[in-house]
Every structure is written in C-alpha cells, then in structure tokens.
Amino acid sequence: MVPLLLVLLLAVILFGVGFAVKILWWVALAVLVLWLLGFVMRSTTAGGGRGRWYRW
C-alpha cells in the first residue's frame, strides 16, 4: 500500500510541476509580447530621436 501511495504522490507532484512550468512559459510569452510592443511603440524625444521606453 505504501509504494502505491508513493507512486501516486510522485505523479501528483510531477503533474503540479509540469502545470507550473507550462504556466511560466505562458507568462514568459506574455512578457515578451509586452516588451516587444513597448520597444516598437516607444515615443520620440524633443530632438526627434528615439528615447528609452523603460524607466531605469
């Protein structure tokens, strides 16, 4: 009975890790899209050149 419970526990842990990794891939993709949009739609400076679109 104990080995069966250990196998089930391992399956649940691996499923949870796989789900978390998949969610992190979607989050990374969304951040990449936002970064690219910010890079493309950055405003111009008073001199006509492109300014930084980030704050740091």
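About the criteria used
- Residues numbered from 1 in each chain as written.
- Predicted model: local features only at pLDDT ≥ 70, side-chain atom pairs only at ≥ 80, totals over all residues.
- Heavy atoms only, no water.
- Helix = DSSP H or I, 4+ residues; strand = E, 2+ residues; numbered from the N terminus.
- Buried < 20%, exposed > 50% of the residue type's maximum accessible area, 1.4 Å probe, protein only.
- Areas by Shrake-Rupley, 256 points an atom, 1.4 Å probe, with all protein chains shown as cover.
- Patch = residues over 30% accessible without salt bridge, like charges linked within 9 Å, V, L, I, M, F, W, Y side chains within 5 Å.
- Salt bridge = Lys/Arg side-chain N within 4 Å of Asp/Glu carboxyl O.

1. Let's talk about the overall build of the protein chain
Inference 1: Assigned secondary structure in the protein chain consists of one helix and zero strands.
Inference 2: Within the span of the protein chain, comprising 56 residues, buried residues form 4% of the whole.
Inference 3: Only carbon and sulfur atoms are counted for the fraction: they give 80% of the accessible area of the protein chain, which is about 5400 Å².

2. Details of a nonpolar patch on the surface
Inference 1: Residues Trp26, Leu29, Leu32, Val33, Leu34, Trp35, Leu36, Leu37, Phe39, Val40 and Met41 make up a contiguous nonpolar surface patch of roughly 1100 Å² in combined accessible area.
Inference 2: With respect to the helices and strands, phenylalanine 39 occurs in helix α1 (residues 2-40).
Inference 3: A relative accessible area of 39% places phenylalanine 39 in the partly exposed class.

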